[in-house]
Amino acid sequence: MPARPARPPAPDSGARDACGVVGIYTPDEPVAKLCYYGLYALQHRGQESAGIAVSDGHHILVTKEMGLVSQAFKASRLAGLDGHLGIGHVRYSTTGSSTWHNAQPSFKVTGQGGGIALGHNGNLVNTVELSRDVPGGDNCTSDSELLAAMLAAHPSRSLEDALVATSERIRGAFSLVVMDERTVYGVRDRHGVRPLVIGRLPHGGSVIASETAALDILGAELLREVRPGELVAIDEHGLRSRQWAEPSPRFCLFEYVYVARPDHRTQETTMYAARRRMGALLAKEAPVPADLVIPVPDSGTAAASGYSEASGIPHAEGLVKNRYVGRTFIEPSQSLRELGIRLKLNPLRDVLEGQRLVVVDDSIVRGNTSRQLVAMLRESGAAEVHLRITAPPVRNPCFYGIDMATRAELIGSDRTIEEIREFVGADSLAFLSLDALVDSTRRPKGTLCRACFDGEYPIPVPGEHAVAGKDVLVQLRSS
């Protein structure tokens, strides 16, 4: 099948999501449909492409397409995917360009004639080194394809042993779902940077997914998180586990701020509860006289509620979100790009006019969106606009699976808070402190990756100047 054309760049939207994965083994239900619904629940983690691989115990079938889950899979397409085990993936590219070829699951044929399909959430940092040792590695266009090639070329006849050996070699963030004809595997890096959970299906079988929302939509019971440095396998004999590395937890703090759905559950809390606490702590750290607290939907919604309750300032919905605007195939005109926020948000003038507003948002990355938002609120009659952000300034790029832009593009990398306030045009601006943000997660500070805020990268990055969010594999090979 010919490669699809690359998608045009989307309007600036600050930090972009990671990816979402699901893996299912069920003897009594059509697995393709279950993967479909699981991916639906993970759509927020990637909107560029979607893919599903299934097996009937003898052969693997893979189908993938650019666009949303609902665009990639029609009923007739799902009906042709017969099997009782499968994996699925929704993608936002952090390495490799946005093309059909780089959509996942990645599929490779092994030396023994079998097949391997793989879905990856995260980002590897030693792809250049690895590509030299893998047959065809120089032709891989994403770290996920390179991973699949490494597994297919491994001399071991056991995919489980190959996964362990490969996991010990690769560096970076990875939550994987992998399958051969008979078994589904889930693997998490020793730091557990990206999420991965296990659930039990109501009619038999198990599911592995990026977030608990995928379990909920399938009616699955949450068992636990996949531990950092753990491999889990699901087959006809049930669920088994293998700890391949000593855990050194560094879960991504930005998952709490923005990436994960508010209904995602961790061992300590839900994202919704954590975000409400962020808002309440922000009200204590940065109070301001105002008439209304409004959220920037959707990631600011829970925090705005917490800010309102802690401050006593009434809460209102001042912005209406267009639920049908994602990362469109159609590139906007220059005039619309400059007013890109109007594609997603529309102000309620009768709520905002004459009011002193506290506007709660999750982060400021480049600053352009916040600047457009403040201007739009003033045009709608707001008397004052006070921005309150539920995270510290983003000062460093992410190399572990979230596209945050380069350090040069991050407004917080070299500007003071007052300089950022002047740029966005707000009457006042305050960010939640790092300590308060960590407290809101109910996790010890030392178990979280905070690199985008404090620059302490838990996994060393070769040539740390490399551009996050680009094709690091190709970029470094060509340098």
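A few points on the structure. (Residues numbered from 1 in each chain as written. Predicted model: local features only at pLDDT ≥ 70, side-chain atom pairs only at ≥ 80, totals over all residues. Heavy atoms only, no water.)

Things to note about the overall build of the protein
Regarding its fold elements, the protein presents 17 helices and 21 strands. The buried share of the protein, taken over its 479 residues, is 58%. Accessible area for the protein stands at about 18400 Å²; split by element, carbon and sulfur atoms hold 51% of it. (Helix = DSSP H or I, 4+ residues; strand = E, 2+ residues; numbered from the N terminus. Buried < 20%, exposed > 50% of the residue type's maximum accessible area, 1.4 Å probe, protein only. Areas by Shrake-Rupley, 256 points an atom, 1.4 Å probe, with all protein chains shown as cover.)

Digging into the packing of helix α5 (residues 143-153) against helix α6 (residues 159-169)
As a packed pair, α5 and α6 sit with axes 9 Å apart at the nearest point and diverge in direction by 130°. Overall, the two elements α5 and α6 adopt an arrangement that is oblique. Viewed along their axes, α5 and α6 form a crossing whose handedness is right-handed. For the pair α5 and α6, contact is made by L147, M150 and L151 and by L159, A162, L163, T166 and R169, respectively. A breakdown of the residues in the contact of α5 with α6 according to their chemical character gives 6 nonpolar, 1 polar and 1 charged. (Axes fitted to C-alpha atoms, helices over the stretch in contact; angles between N-to-C directions. Parallel < 35°, antiparallel > 145°, perpendicular 65-115°, else oblique. Left-handed = near helix turned anticlockwise from the far one by under 90°. Contact = heavy atoms within 4.5 Å. Nonpolar A, V, L, I, M, F, W, Y, C, P; charged D, E, K, R; others polar.)

Observations concerning the pattern of salt bridges
Here the structure, examined in full by the defined rule, presents 26 salt bridges. E65 is paired through a salt bridge with R77; the nearest N and O atoms lie 3.9 Å apart. With E65 in strand β3 (residues 60-66) and R77 in helix α3 (residues 75-79), the pair connects residues that are 12 residues apart, well separated along the chain. Using a relative accessible area of 28% as the deciding quantity, one classes R77 as partly exposed. Linking E129 and R171 is a salt bridge whose minimum nitrogen-to-oxygen distance equals 3.6 Å. Taken together, the residues span a long stretch of sequence, with E129 in helix α4 (residues 127-131) and R171 in the loop between α6 and β7 (172-179) at a distance of 42 residues. (Salt bridge = Lys/Arg side-chain N within 4 Å of Asp/Glu carboxyl O.)

Considering empty space enclosed by the protein
A water-sized probe rolled over the atoms picks out the places where empty space is left. Taken as a whole and assessed by the stated rule, the structure comprises 4 cavities of 30 Å³ or more. Put simply, the largest cavity is a space of about 80 Å³. Looking at the largest cavity, it is lined by 15 residues, and the ones nearest its centre are C252, C398, C449, A451 and C452. Elements supplying a minimum of two residues to the lining of the largest cavity: α8 (253-259) and α16 (451-454). When its residues are assigned to classes, the lining of the largest cavity shows 13 nonpolar, no polar and 2 charged. (1 Å grid on protein atoms, 1.4 Å probe; cavity = no way out; pocket = protein on both sides within 12 Å on 5 of 7 lines; lining within 4 Å. Points joined across faces, edges and corners; volume = space filled by probe spheres on them.)

Digging into the environment of R342
With respect to the helices and strands, R342 occurs in the loop between α11 (334-338) and β17 (345-347). Along the primary structure R342 and L373 are separated by 31 residues, whereas in three dimensions their C-alpha atoms are 8.6 Å apart. A distance of 2.5 Å separates polar atoms of two side chains, one belonging to R342 and the other to E379. (Polar contact = N/O pair within 3.5 Å; in protein donor to acceptor, adjacent residues only side chain to side chain.)

A closer look at the packing of aromatic side chains
Counted according to the given criterion, the structure contains 9 aromatic pairs. With a centroid separation of 6.3 Å and an interplanar angle of 45°, the aromatic rings of F254 and F453 are classed as tilted. Of the two residues, F254 is situated in helix α8 and F453 in helix α16; the sequence distance between them amounts to 199 residues. This pair shows no difference in class: F254 is buried, exactly as F453 is. Among the aromatic side chains, those forming a connected cluster through ring pairs are Y36, Y37, Y40 and F73. (Phe/Tyr/Trp six-rings, centres within 6.5 Å; stacked < 30°, edge-to-face > 60°.)

A word on the sheet that holds strand β4 (residues 85-91)
Taken in spatial order, the 7 strands line up as β3-β2-β4-β1-β10-β9-β11 in an open sheet, and their pairing is antiparallel. In this open sheet, the two strands that pair with only one neighbour each are β3 and β11 (221-225). Averaged over all pairs of adjacent strands, the angle between their axes in this sheet comes to 15°, without regard to strand direction. Sheet topology note: the strand β1 (residues 20-25)/β4 ladder contains 6 bridges and is antiparallel. Note on β4: the bridge partner recorded for G23 is I87. In the packing of helix α1 (residues 31-41) onto the sheet, the strands contacted are β1, β2 (49-55) and β4, and the crossing angle to β4 comes to about 25°. (Pairing = 2+ DSSP bridges.)

Here's the deal with the pairing of strand β6 (residues 115-124)
For β6, the buried fraction is high: 10 of the 10 residues fall into the buried class. With 4 bridges connecting them, strand β5 (residues 106-109) and β6 associate as antiparallel partners. Looking at the pairing, S106 lines up with L118 of β6. A loop of 5 residues connects β5 with β6, the two strands running antiparallel in sequence, and G113 in this loop sits at a positive phi of about 90°. One ladder, built from 8 bridges, connects β6 with β7; its direction is antiparallel. Within the sheet, the bridge partner assigned to A117 lies in β7 and is M179.

Some details on the pairing of strand β15 (residues 292-295)
Taking every second residue as pointing to the same face, both faces of β15 are buried, with L292 and I294 on one and V293 and P295 on the other. By the bridge criterion, 4 bridges tie β15 to strand β18 (residues 356-361) in an arrangement that is parallel. Paired with L292 across the two strands is L357, which belongs to β18.

Section: the nonpolar core
Ranked by internal contacts, the top residues of the largest apolar core, which has 50 residues, are F254, Y307, Y400 and F453. Sorting the residues of this core by element identifies β14 (251-252), α8, α9 (271-285), α10 (301-311), β18, α15 (434-441), β21 (448-449) and α16 as the ones contributing at least two each. L42, L78, L215 and L218 belong to the second largest nonpolar core, which has 28 residues in total. (Core = buried A, V, L, I, M, F, W, Y, C linked by side-chain atoms within 4.5 Å.)

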